[in-house]
Each structure stands twice: as C-alpha cells, then as structure tokens.
Amino acid sequence: MLAFFPGLMVVAAVLFEYNVRGIAAEISRGLARVLPPDAHKLATQYLFAGGGRARGLLVGAGVVAIWSASGAILSLTHGLHKAYQVKQSRGMIWSRVVALAGVLLAGMPLLGATLLLVFGQQIEGWLQKMWGAGSWWVILVGRLARSALALGTCITVLGTVYHFVPNRRQKWRYCWPGAAVTTLAWWTATLLFAWYVSHVARYRDFYGSLAAVMVLLIWMYIVNLLVLIGGEFNAEYEASARRKR
C-alpha cells in the first residue's frame, strides 16, 4: 500500500506534465485487467488526478514508493529462502541494498513496456490511417500485441526477481517456469476474486467508503501469496531436474 499509491501519484504527475493522457488511459485499461473493480476505480482516481503537486512532494513520493517496494522485496526474500532452504547470510544493510536493486531491476521491464506502448500507439495510428480506422485486423493485432506485451512484461519482472533476490546461484532456465505459473495464476485469481467481490462478498455494505481499500489489500495478499508459490514451484522444478540428471 505504501508503494502503490505514491507510485501512482508520480506517474500521474508525469503524464499530466507531458500531456499524454492517452497513455494514462492505456495504463488504466491495463490496471483493469489485474485489479478488482473497486480497487481499479480507486487507482484510476489517483492516475487521473493530474498535476498541481510540488516537485518536492513528488520526489518524496517516489522515495517512499521505492523504499516501501524494497521492503516488500525483503519479505519476499525471506519466503524464497524458505522455498530454496537457504540460510539468510546477508547483513541488514546489504539485504536492503539488494532489495533496492531488485526494485530497480524489476522496474526496467516495466519502463520498456511503457515505451513500447507509446510507440505501439503511434504505429497503430499510422496503420489505421493507411488501411482505414475501422480495419478489423489492425484492431485485432493491436489487442493481441497489448496482451502479449502485458504477459511478457509480467513474466520478465517475476523471472528477474526470482533470479536475483534469493541468496544463491541459479540458472535462468529455472526461473521462468515459476514466473509463467505465477502470471497465469495471477490473472485467473484476479478474475475469480473480482467475481467473488461483485457477487458474493458485499464489502461495500460492511466497510462503506473503505471497501475499495479492503479489496485492494486482500488482492495484494493474494498476489504476494502467488508470487511465493511461484518461487516454491521453481525450487521444486530445479530439484526435480537435478534428480533426473
């Protein structure tokens, strides 16, 4: 929670300053695929809040987001060490440095996906001008490309975290299976949880205006659990491969 909303605040301010609200709409549609409806509404409010914030506040928000995200990486590190049965041998300071590096490494694929999204919009607009705005194949290819980009980015981020965060040497080929499993489970769990929130658990009736926050907290808990399950899957997959050899 301490990383999510300050990060959205920084993104919203940057988009507002450079007047690229089309990218904000794309990010909002992407969030709609991975967030329950109430949580998506709450995040979209932050995303379209616009600018008007002091630069010092934005810098502070960015620092809080990165530091809080590194805390989440630290917690994930403890879970992955349990999965791989590795003892924690890093000191407190070095553990925090590795966690901060993990945040930056995980952010690089996200930045690359954002840049591809910008250029992808330009290419799609150019193709629509050439072949007509209603060309069905341009729309179809654009949607497939966005879905593939989202899947690829998620798998890349998770694979990078699985590779660099545990305090052990491991090969890349043992990191991707768990990343793929976590990504597919993430999307499936989000769809099921969104249906559960909409049709079974009436959080709004009980929590009122705090319902969106509670939904977001529960969703974050589910996602973190799935990330740990993906790490356990990688550990068992690697052990099984070694036994077969």
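Scroll up to find the structure this text is about.
## Details of the overall build of the protein
Line of reasoning, step 1. Counting secondary structure elements, the protein contains nine helices and zero strands.
Line of reasoning, step 2. In the protein, the order of α-helices and β-strands from amino to carboxyl end is α-α-α-α-α-α-α-α-α.
Line of reasoning, step 3. Here the protein holds 245 residues, and 37% of them are scored as buried.
Line of reasoning, step 4. Residue pairs at least 24 apart in sequence account for 76% of intrachain contacts in the protein once pairs closer than 6 positions are excluded.
Line of reasoning, step 5. Accessible surface for the protein amounts to roughly 14,500 Å². Of this, 69% is attributable to carbon and sulfur atoms.

## What about the packing of aromatic side chains?
The description of two aromatic rings rests on the distance between their centres and on the angle between their planes.
Line of reasoning, step 1. Applying the stated criterion across every chain yields a total of six aromatic pairs.
Line of reasoning, step 2. Seen from their ring centres, F164 and W172 are 5.6 Å apart, and the 75 degrees between their planes marks the pair as edge-to-face.
Line of reasoning, step 3. Judged by relative accessible area, W172 falls into the partly exposed class, the value being 35%.
Line of reasoning, step 4. For the ring pair F233 and Y237, a centre distance of 6.5 Å and an interplane angle of 10 degrees mean the geometry is stacked. With F233 and Y237 both in helix α9 (residues 211-244) and four residues apart, this pair spans about one turn of that helix.
Line of reasoning, step 5. Using a relative accessible area of 35% as the deciding quantity, one classes F233 as partly exposed.
Line of reasoning, step 6. What makes Y237 partly exposed here is its relative accessible area of 39%.
Line of reasoning, step 7. Pairwise contacts between aromatic rings join F164, W172 and W176 into one cluster.
Line of reasoning, step 8. Above the face of the W67 ring, R96 is positioned so that its terminal group lies 4.1 Å from the ring centre.

## Focus on the pattern of salt bridges
Close approach of charged atoms allows side chains with opposite charge to pair.
Line of reasoning, step 1. On inspection of all chains with the given rule, the structure shows two salt bridges.
Line of reasoning, step 2. Residue R168 pairs with E238 through a salt bridge whose shortest N-O separation is 3.1 Å. Of this pair, R168 sits in the loop between α6 (136-164) and α7 (176-199) while E238 sits in helix α9, and the two are 70 residues apart along the sequence.
Line of reasoning, step 3. A salt bridge links E238 to R242; the nearest nitrogen and oxygen atoms lie 2.7 Å apart. Of this pair, E238 and R242 both sit in helix α9, four residues apart, roughly one helical turn.
Line of reasoning, step 4. Among the residues examined, R242 registers a relative accessible area of 47% and is labelled partly exposed.
Line of reasoning, step 5. One continuous salt-bridge network, built from bridges that share partners, spans R168, E238 and R242.

## Remarks on unusual backbone geometry
Line of reasoning, step 1. Not every positive phi belongs to a glycine, and Q85 is a case in point at roughly 55 degrees.
Line of reasoning, step 2. On the secondary structure map, Q85 appears in the loop between α4 (55-84) and α5 (92-131).

## Looking at the packing of helix α3 (residues 37-47) against α9
Line of reasoning, step 1. At a minimum axis distance of 8 Å, the contact between α3 and α9 shows a crossing angle of 110 degrees. Considering the angle they form, α3 stands roughly perpendicular to α9. In contact with D38, A39 and L42 of α3, α9 contributes A212, V213, V215 and L216.
Line of reasoning, step 2. Residues that form the contact of α3 with α9 fall into these classes: six nonpolar, no polar and one charged.

## Thoughts on the environment of F4
Line of reasoning, step 1. For F4, the position within the fold is in helix α1 (residues 4-17).
Line of reasoning, step 2. Residues in contact with F4, not counting those within four places in the same chain, are L35, A43, L216 and M220.

## What to know about α7
Line of reasoning, step 1. The end-to-end C-alpha separation of α7 is 35 Å, in line with the 34 Å expected for 24 residues at 1.5 Å each.
Line of reasoning, step 2. For α7, every residue scored as buried is listed here: P177, G178, A179, T182, T183, W186, T190, F193, A194 and V197.

## Concerning the side chain of S70
Line of reasoning, step 1. Within the secondary structure, S70 sits in helix α4.
Line of reasoning, step 2. Note on S70: relative accessible area 0%, which makes it buried.
Line of reasoning, step 3. From its side chain, S70 meets the backbone oxygen of W67 in a polar contact 2.5 Å long.
Line of reasoning, step 4. Those residues in contact with S70 that lie beyond four places of it in its chain are R96, A99, L100 and V103.

## A few points about the nonpolar core
Line of reasoning, step 1. One finds L35, Y162, W186, Y203, L216 and W219 to be the most contacted residues of the largest nonpolar core, which totals 39 residues.
Line of reasoning, step 2. Of all elements in the fold, only α1, α2 (21-34), α3, α4, α5, α6, α7 and α9 reach the threshold of two or more residues within this core.
Line of reasoning, step 3. The element best represented in this core is α9, accounting for nine residues.

Parameters and conventions
- Residues numbered from 1 in each chain as written.
- Predicted model: local features only at pLDDT ≥ 70, side-chain atom pairs only at ≥ 80, totals over all residues.
- Heavy atoms only, no water.
- Helix = DSSP H or I, 4+ residues; strand = E, 2+ residues; numbered from the N terminus.
- Buried < 20%, exposed > 50% of the residue type's maximum accessible area, 1.4 Å probe, protein only.
- Contact = heavy atoms within 4.5 Å.
- Areas by Shrake-Rupley, 256 points an atom, 1.4 Å probe, with all protein chains shown as cover.
- Phe/Tyr/Trp six-rings, centres within 6.5 Å; stacked < 30°, edge-to-face > 60°.
- Lys NZ or Arg CZ within 6 Å of the ring centre and 35° of its normal.
- Salt bridge = Lys/Arg side-chain N within 4 Å of Asp/Glu carboxyl O.
- Axes fitted to C-alpha atoms, helices over the stretch in contact; angles between N-to-C directions.
- Parallel < 35°, antiparallel > 145°, perpendicular 65-115°, else oblique.
- Nonpolar A, V, L, I, M, F, W, Y, C, P; charged D, E, K, R; others polar.
- Expected span 1.5 Å × (residues − 1).
- Polar contact = N/O pair within 3.5 Å; in protein donor to acceptor, adjacent residues only side chain to side chain.
- Core = buried A, V, L, I, M, F, W, Y, C linked by side-chain atoms within 4.5 Å.

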